[in-house]
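Results of the structural survey
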Amino acid sequence: MAETGTQRVKRGMAEMQKGGVIMDVVNAEQAKIAEAAGAVAVMALERVPSDIRAAGGVARMADLSIVEEVLKAVSIPVMAKARIGHFVEARVLESMGVDYIDESEVLTPADDLYHINKKDFTVPFVCGARDLGEALRRIGEGASMIRTKGEPGTGNIVEAVRHMRTMQAQIRKVQSMSYDELMAEAKALGAPYELLEYVHKNGKLPVVNFAAGGVATPSDAALMMHLGADGVFVGSGIFKSENPEKYARAIVEATTHYTDYELIARVSKGLGAPMTGIEISKLAQAERMQERGW
Amino acid sequence: MKIGVLALQGAVAEHLRMLEQAGAEAVAIKKPEQLKELDGLVIPGGESTTISKLMHKYGFMEEVRKFPSERKPLFGTCAGAILLANRIHGQDEAHLAVMDMTVERNAFGRQKDSFEAVLPVAGVAPDFPAVFIRAPYIREVGESVEVLAKYDEKIVAARQGACLACAFHPELTEDHRFHKYFLDMVQEYRA
């Protein structure tokens with residue numbers, strides 16, 4: 001008897017993405033460039049995060065004709081974003097055959113209290129997190145993959161670094177705790193106890209953990225791998241750079257060989273200008289996408 | 001016995017753990033220079049397009065292709081099986097082309113069609129837990145290829161001499177019997 005949509009199949013799909021780069025694309029042409037550069041998956045969007053930021057207003061699930069166009073254009077997995085709590089957008093994307101759904105703070109949240117009950121779905125979900133408690137709450141709701149939130153569309157790596165370092169430090173702390181301290185820690189973090197128990201025993205999250213939100217250069221990608229990321233999402237970084245094709249290839253190579261600095265130097269030469277970055281402190285509180293999610 | 005796991009992209013850590021638990025010394029292989037010291041190599045699951053591009057880029061193709069003739073077994077799971085095949089359905093070019101078979105990528109459908117099933121695998125186990133993730137299957141095999149497992153009439157595991165391929169992911173389970181089978185192959189070819 002075959003069983004679809006099991007936890008192992010959903011989490012396993014993310015395991016297969018490890019060591020790879022997932023790239024944001026807005027049409028079939030970009031999707032093909034990403035695939036040819038060695039992306040392990042593409043995220044089909046109507047606008048990359050930096051353009052969403054610039055456009056303002058309510059950001060919703062992408063135009064479905066773009067999602068369909070990308071699904072047809074490439075043989076690698078295709079992800080798409082649904083608004084936080086918008087389970088109908090997620091169901092619609094699932095029905096179209098999208099391979100992974102990002103319940104994403106890049107879009108305007110549809111629910112200010114609750115996230116999607118992701119256990120109900122056959123398609124797996126990835127969710128953003130800034131710390132261990134948030135990651136374990138999302139996993140508790142059924143997320144099969146976690147990524148740092150960072151600050152999307154800024155080309156500024158500082159927030160992704162902060163989130164990854166926070167998570168890794170909290171994991172080390174939980175791992176070294178005595179068993180009797182776990183329940184109080186679960187309460188403090190707002191994390192499900194059983195998942196915290198898993199972290200205590202195994203010293204890692206029960207799912208794959210990627211970096212996202214501000215990765216703009218090959219060195220940024222390698223930095224996140226050093227800090228413990230299993231792989232990298234690059235949003236605006238590639239197609240907002242001067243030479244997307246070269247940029248994409250360079251980020252893929254730097255992610256695979258993140259400890260080989262000569263190689264990173266070689267692939268980083270002559271790339272042209274990266275995307276223009278934004279200083280985080282210049283962003284008003286309301287403009288910070290990372291604050292979305294509960 | 002020293003077994004490498006090609007560590008360019010994909011489920012590398014899972015294979016390393018399984019090989020160690022099955023009794024081998026396991027190393028992650030990032031550069032072709034590391035291949036010399038090995039008795040066998042595992043090509044893991046991941047994205048076959050990504051892994052093959054990086055293999056070409058860093059000069060892995062020629063070196064790994066020599067493995068079977070040097071009596072060093074190869075084991076490809078999912079994406080790894082695609083890399084081993086002589087022919088890929090719907091594509092002009094194959095990658096390593098060391099096994100006489102035609103594979104079809106994403107042949108069971110997209111991620112929502114990914115599934116688990118318990119299968120008999122000849123020589124490995126009567127009840128192996130097989131995890132299929134956007135999996136390929138083997139459309140047809142040459143005469144010298146032994147079919148080890150089928151699911152729904154489709155070939156999902158096969159062996160040709162020193163090459164072993166399966167469409168599913170034994171590395172995502174706690175069952176070491178498939179890795180043990182591969183280590184026995186390595187032992188046999190070393191003798």
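Residues numbered from 1 in each chain as written. Chains lettered and ligands numbered in written order. Predicted model: local features only at pLDDT ≥ 70, side-chain atom pairs only at ≥ 80, totals over all residues. Heavy atoms only, no water.

1. A word on the sheet that holds strand β7 (residues 115–121) of chain B
What counts, and what does not: One requirement defines pairing of two strands: DSSP has to find at least two bridges between them. Helix and strand definitions follow DSSP, with helices as H or I runs of at least four residues and strands as E runs of at least two, each counted in order from the N terminus. By definition in these notes, contact holds between two residues if any of their heavy atoms fall within 4.5 Å. Every axis in this analysis is a line fitted to C-alpha atoms, fitted for helices over the stretch in contact. Angles between the N-to-C directions lie between 0 and 180 degrees.
Reading across the sheet, the 3 strands line up as β1(A)-β7(B)-β8(B) and stay open at both edges, with antiparallel pairing between neighbours. The open sheet has two edge strands, β1 (3–4) of chain A together with β8 (125–132) of chain B, and neither has a second partner. Across 6 bridges, β7(B) lies against β8(B) in antiparallel orientation. The partner of V121(B) across the bridge, within β8(B), is A125(B). Each of β7 and β8 of chain B is contacted by helix α1 (residues 7–15) of chain A, which is oriented at about 60 degrees to β8(B), the strand it contacts most. The sheet contacts of helix α5 (residues 177–190) of chain B involve β7 and β8 of chain B, and relative to β8(B) the element is tilted by about 110 degrees.

2. Observations concerning the environment of V158(A)
All names here are of chain A. Cut-off, in case you're wondering: Under the scheme applied here, a residue whose accessible area is under 20% of the maximum for its type counts as buried, over 50% as exposed, and between as partly exposed, the area being computed with a 1.4 Å probe on protein chains only.
Along the chain, V158 turns up in helix α7 (residues 158–176). Residue class for V158 comes out partly exposed when judged on its relative accessible area of 38%. The sequence separation of V158 and K269 amounts to 111 residues, and the corresponding C-alpha distance is 23 Å.

3. Regarding helix α2 (residues 28–37) of chain A
Residues and elements named next belong to chain A. Note the threshold: The term polar contact refers here to a pair of N or O atoms within 3.5 Å; inside protein, the definition further demands a hydrogen-donor-capable atom paired with an acceptor-capable atom, and it admits residues adjacent in sequence only when both atoms are side-chain atoms.
The complete set of buried residues in α2 reads A28, Q30, A31, A34, E35 and A37. For α2, the N-terminal capping position is held by N27, with its side-chain oxygen 3.2 Å away from the main-chain nitrogen of E29. Remark: G38 follows α2 within two positions and exhibits a positive phi of approximately 105 degrees.

4. Observations regarding the pattern of salt bridges
Defined as follows: We define a salt bridge as a side-chain nitrogen of Lys or Arg found within 4 Å of a carboxyl oxygen belonging to Asp or Glu.
For the coordinates displayed, the defined rule picks out 38 salt bridges over all chains. Between D51(A) and K240(A) there is a salt bridge; the shortest N-O distance is 3.0 Å. Separated by 189 residues along the polypeptide, D51(A) in helix α3 (residues 49–55) and K240(A) in the loop between α11 (236–239) and α12 (244–256) bring together distant segments of the chain. Of the charged contacts, one joins R139(B) and E104(B) as a salt bridge, the two residues approaching to 2.5 Å between their closest N and O atoms. With R139(B) in strand β9 (residues 137–141) and E104(B) in strand β6 (residues 99–104), the pair connects residues that are 35 residues apart, well separated along the chain. On the accessibility criterion, R139(B) (42% relative accessible area) is partly exposed. Connected via shared salt-bridge partners are K81(A), D102(A), E105(A) and R147(A).

5. Some thoughts on the layout of surface pockets
The line we're drawing: For cavity detection a 1 Å grid was placed over the protein atoms alone, and a set of points counts as a cavity when a 1.4 Å probe fits there but cannot get out; an open set counts as a pocket when protein lies on both sides within 12 Å along at least five of seven lines, with lining residues being those that have an atom within 4 Å of a point. Grid points are joined across faces, edges and corners, and a volume is the space filled by probe spheres set on the points. Polarity classes work like this: nonpolar for Ala, Val, Leu, Ile, Met, Phe, Trp, Tyr, Cys and Pro, charged for Asp, Glu, Lys and Arg, and polar for all others, with Gly in that last group.
Its volume calculated, the largest pocket comes out at about 1,100 Å³. Lining of the largest pocket is provided by 39 residues; of these, E15(A), K18(A), K204(A), A13(B) and E14(B) occupy positions nearest its centre. Of all elements in the fold, only α1, α7, α9 (193–202), β8 (208–210) and α12 of chain A together with α1 (12–21) of chain B reach the threshold of two or more residues within the lining of the largest pocket. The dominant element in the lining of the largest pocket, judged by the number of residues it contributes, is α1(A), at 5 residues. Considering only residue class, the lining of the largest pocket consists of 15 nonpolar, 13 polar and 11 charged. Put simply, the second largest pocket is a space of about 300 Å³. At the level of elements, α2 of chain A together with α2 (48–57) of chain B are the ones that each hand at least two residues to the lining of the second largest pocket. When residues in the lining of the second largest pocket are grouped by element, the largest group, 5 residues, is from α2(B). Residues of the lining of the second largest pocket, tallied by class, amount to 4 nonpolar, 7 polar and 5 charged.

6. A short note on the nonpolar core
Heads up, the rule is: By nonpolar core we mean a set of buried residues, namely Ala, Val, Leu, Ile, Met, Phe, Trp, Tyr and Cys, connected to one another through side-chain atoms within 4.5 Å.
Counting residues in hydrophobic clusters, the biggest one holds 87 residues, and the most contacted among them are M224(A), L41(B), M55(B), F60(B), V64(B) and L96(B). Residues within four places of F60(B) in sequence aside, it is in contact with L6(B), L8(B), I29(B), K30(B), K31(B), P32(B), L35(B) and M55(B). Ranked by size, the runner-up nonpolar core spans 37 residues in total, among them V124(B), F132(B), V156(B) and A167(B).

7. A word on the pairing of strand β4 (residues 78–83) of chain A
Residue and element names in this part refer to chain A. Quick reminder of the rule: Here, the term right-handed applies to a crossover whose path from the first strand over the helix to the second runs clockwise when the strands point away from the viewer.
Of all 6 residues that make up β4, 6 are buried, and the element is covered over most of its length. Of the two faces of β4, the one carrying V78, A80 and A82 and the one carrying M79, K81 and R83 are both buried. Sheet analysis places β4 next to strand β5 (residues 100–104), joined by 5 bridges and oriented parallel. Bridge pairing in β5 places A80 opposite I101. With helix α5 (residues 87–95) bridging β4 and the parallel β5, this β-α-β connection has right-handed handedness.

8. Section: the packing of helix α6 (residues 132–140) of chain A against α9(A)
All names here are of chain A. Definition in use: Note on angle classes: values under 35 degrees are labelled roughly parallel, values over 145 roughly antiparallel, values of 65 to 115 roughly perpendicular, and the remainder oblique. Handedness of a crossing is defined here by the sense of rotation of the near helix relative to the far one, left-handed for an anticlockwise turn of less than a right angle and right-handed for a clockwise turn.
Close contact between α6 and α9 brings their axes to 9 Å; oriented N to C, the two are set at 120 degrees. In terms of orientation, α6 lies oblique with respect to α9. For the crossing formed where α6 meets α9, the hand is right-handed. Residue-level inspection shows L132, L136, I139 and G140 of α6 in contact with α9, the latter providing L195, L196 and V199. Across the contact of α6 with α9, the residue classes tally to 6 nonpolar, 1 polar and no charged.

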